Amino acid sequence: MSKLNTHYLGLELSSPVIAGSSNFTSAVSSIVEAEAAGAGAVVLKSLFEEQILSQASSLSDKSSYPEADDYLAWYTRNNTIDNYLDLISDARKSVKIPVIASINCFSGEGWTDFAEKVQSAGANALELNVFYLPVDMHQTGTQAEKMYYSLVSDLKKRLSIPISVKISSRFTNLLNVAYQMYNHGAAGLVLFNRFYEPDFDINTMKITAAPVLSNPIEKRYVLRWVGMVSALNIEMAISASTGVYSAEDAIKYLLAGADSVQVCSALYKKGFSVIKEINNGILNWMIEKEYSSIRQFRGLLNYRNVENPSLFERTQFMKHYSSYI
Ligand SMILES: Cc1cc2nc3c(=O)[nH]c(=O)nc-3n(C[C@H](O)[C@H](O)[C@H](O)COP(=O)(O)O)c2cc1C
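Residues numbered from 1 in each chain as written. Predicted model: local features only at pLDDT ≥ 70, side-chain atom pairs only at ≥ 80, totals over all residues. Heavy atoms only, no water.

Digging into the overall build of the protein
1) Next: Each helix and strand in the protein was counted, giving 12 helices and 13 strands.
2) Next: Classification of the 325 residues of the protein by burial places 52% in the buried group.
3) Next: Expressed as a percentage of contacts within the protein between residues at least 6 apart in sequence, the contacts between residues at least 24 apart total 70%.
4) Next: Of the roughly 16200 Å² of accessible surface on the protein, 52% is carried by carbon and sulfur atoms. (Helix = DSSP H or I, 4+ residues; strand = E, 2+ residues; numbered from the N terminus. Buried < 20%, exposed > 50% of the residue type's maximum accessible area, 1.4 Å probe, protein only. Contact = heavy atoms within 4.5 Å. Areas by Shrake-Rupley, 256 points an atom, 1.4 Å probe, with all protein chains shown as cover.)

Rendered as structure tokens:
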């Protein structure tokens with residue numbers, strides 16, 4: 001057994017480094033490449049709820065979700081639902097690593113039968129990329145959050161494969177969201193999803209899309225939440241997704257308590273070889289620190305295990321800033 005062996009969502013992974021959902025995981029050939037580079041699992045490119053509902057027939061109507069429009073344009077050209085199911089089963093036949101399907105959704109209306117097909121096609125788990133942007137000023141945060149929970153519990157009743165939920169970082173009380181997700185049947189959380197953000201071009205006076213790829217600095221915000229969610233007394237697997245470019249980035253997330261990390265932007269910048277680079281870097285660090293398994297150091301610096309957990313909390317940051325010259 002390799003030193004990098006670990007578990008995520010109850011699945012055995014040969015490495016904690018997962019090729020995250022993107023165009024790099026939309027074809028069997030690239031999934032094979034990801035495995036060859038040492039990925040512990042792959043999360044397939046998401047299929048969108050709108051696609052499932054309409055079989056992409058009425059996609060000329062612009063949806064109210066700009067990022068969905070963008071992805072949909074790509075999918076309308078290249079994919080159908082059947083192709084997605086074929087992708088799952090072909091990938092399962094072509095690689096040994098777990099294949100995690102991904103559905104981008106914002107409601108539990110009318111499409112959840114499809115999740116059963118995903119399971120029958122052989123997916124080892126389902127990652128729900130839930131994208132719900134509240135635009136109604138009368139809806140409370142609690143009402144909005146309930147949509148996530150009922151979606152998870154509906155799917156949990158239908159599926160035997162584990163369900164992970166890829167969420168946004170923008171909740172009032174993320175620890176409660178994690179706890180509720182767990183209570184409603186989620187086996188894991190992916191922290192965090194990345195959305196297209198609007199930007200303004202002040203010369204053309206148009207709204208543009210902000211840069212899509214992440215920056216390693218963005219990891220710092222996520223690190224806190226991985227460290228705090230992993231310290232909760234619940235059986236919730238955590239996959240850290242944001243700003244993993246190097247072994248150091250991955251080790252930080254593992255020390256914070258992540259069970260796995262996902263690479264996406266780094267694949268766009270460096271190709272699949274980055275996975276090998278990260279795996280080798282983790283191994284070298286483990287040798288230096290005399291660790292023989294991931295289990296020995298995972299979570300060592302999380303909110304529960306660190307000597308001074310208040311370092312995770314905001315007040316300490318305020319103190320830090322006030323003494324910063
Ligand atoms: C070009 C691109 C396409 C993406 N497509 C998806 C997708 O289909 N489904 C999904 O859940 N996340 C998607 N993501 C988000 C990534 O999986 C990942 O969560 C995010 O980019 C943060 O990780 P990173 O810092 O490694 O890029 C996409 C990201 C990029 C940059």
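Quick word on the site of the ligand
1) Next: Looking at the ligand, there are 19 residues lining it, with Ser46, Asn129, Ser214, Gly243 and Ser265 nearest.
2) Next: At a separation of 2.6 Å, a nitrogen atom of the ligand approaches a polar side-chain atom of Ser46.
3) Next: Note that an oxygen atom of the ligand is positioned 2.7 Å from one of the side-chain N or O atoms of Ser241.
4) Next: Out of a free accessible area of 610 Å², the ligand has 96% covered by protein chains. (Near = heavy atom within 4 Å. Polar contact = N/O pair within 3.5 Å; in protein donor to acceptor, adjacent residues only side chain to side chain.)

Quick word on the nonpolar core
1) Next: Membership of the largest hydrophobic core comes to 88 residues, with the highest contact counts inside it found for Leu126, Leu128, Ile167, Met181, Ile275 and Ile282.
2) Next: Element by element, the count of residues in this core is highest for helix H9 (residues 247-256), at seven residues.
3) Next: Among all residues touching Leu126, those that are not within four sequence positions of it are Ile100, Ala101, Ser102, Ile103, Ala115, Val118, Leu155, Leu159, Ile161, Pro162, Ile163 and Ser164.
4) Next: Core analysis: the second largest hydrophobic core is formed by 11 residues, Tyr8, Leu9, Ile100 and Ala237 among them. (Core = buried A, V, L, I, M, F, W, Y, C linked by side-chain atoms within 4.5 Å.)

What to know about the pairing of strand E12 (residues 237-240)
1) Next: The alternating pattern of E12 places Ala237 and Ser239 and Ile238 and Ala240 on opposite faces, both of which are buried.
2) Next: Bridging between strand E9 (residues 188-191) and E12 involves four bridges; their strand directions are parallel. Opposite Leu189, over in E12, you have Ile238 as the bridge partner.
3) Next: This β-α-β element, E12 to H9 to strand E13 (residues 260-263), shows right-handed connectivity. (Pairing = 2+ DSSP bridges. Right-handed = clockwise from strand over helix to strand, strands pointing away.)

Describing the packing of aromatic side chains
1) Next: On inspection of all chains with the given rule, the structure shows seven aromatic pairs.
2) Next: A centroid spacing of 5.5 Å and a plane angle of 85 degrees characterise the contact between Phe24 and Phe272, whose relative ring orientation is edge-to-face. Separated by 248 residues along the polypeptide, Phe24 in the loop between strand E3 (17-19) and helix H1 (28-37) and Phe272 in the loop between helix H10 (265-270) and helix H11 (273-289) bring together distant segments of the chain.
3) Next: Classification of Phe24 as partly exposed rests on a relative accessible area of 24%.
4) Next: Under the relative-accessibility criterion, Phe272 is labelled buried at 9%.
5) Next: Ring geometry for Trp285 and Phe297: centres 4.9 Å apart, planes at 70 degrees, overall edge-to-face. With a gap of 12 residues between them, Trp285 in helix H11 and Phe297 in the loop between H11 and helix H12 (314-322) connect regions that are remote in the sequence. (Phe/Tyr/Trp six-rings, centres within 6.5 Å; stacked < 30°, edge-to-face > 60°.)

Remarks on a nonpolar patch on the surface
1) Next: Judged by side-chain polarity, Phe200, Ile202 and Ile207 come together as a nonpolar surface patch covering roughly 410 Å² of accessible area.
2) Next: Assessed through its relative accessible area of 64%, Ile207 is described here as exposed. (Patch = residues over 30% accessible without salt bridge, like charges linked within 9 Å, V, L, I, M, F, W, Y side chains within 5 Å. Salt bridge = Lys/Arg side-chain N within 4 Å of Asp/Glu carboxyl O.)

Things to note about the confidence of the model for the protein
1) Next: Counting all residues, the mean pLDDT for the protein is 88, and 86% of those residues have values of 70 or more.
2) Next: Segment residues 56-60 is flagged for pLDDT under 50; beyond a separation of four residues in sequence, or across chains, it makes five contacts in the model. (pLDDT = per-residue confidence, 0-100.)

Description of the pattern of salt bridges
1) Next: Taken as a whole, this structure holds 10 salt bridges when the rule is applied.
2) Next: Linking Arg194 and Glu218 is a salt bridge whose minimum nitrogen-to-oxygen distance equals 2.6 Å. With Arg194 in the loop between E9 and strand E10 (198-201) and Glu218 in the loop between strand E11 (206-209) and helix H8 (219-229), the pair connects residues that are 24 residues apart, well separated along the chain.

Comments concerning unusual backbone geometry
1) Next: Geometrically, the link from Leu191 to Phe192 is a cis peptide bond, its omega value of 0 degrees lying close to zero.
2) Next: Position of Phe192 relative to the elements: it lies in the loop between E9 and E10.
3) Next: Backbone geometry at Leu9 places phi at a positive 60 degrees, although glycine is not the residue there.
4) Next: Counting through the fold element by element, Leu9 comes out in the loop between strand E1 (6-8) and strand E2 (11-13).
5) Next: One non-glycine residue with positive phi stands out, namely Met205, at about 60 degrees.
6) Next: Along the chain, the position of Met205 falls in the loop between E10 and E11.

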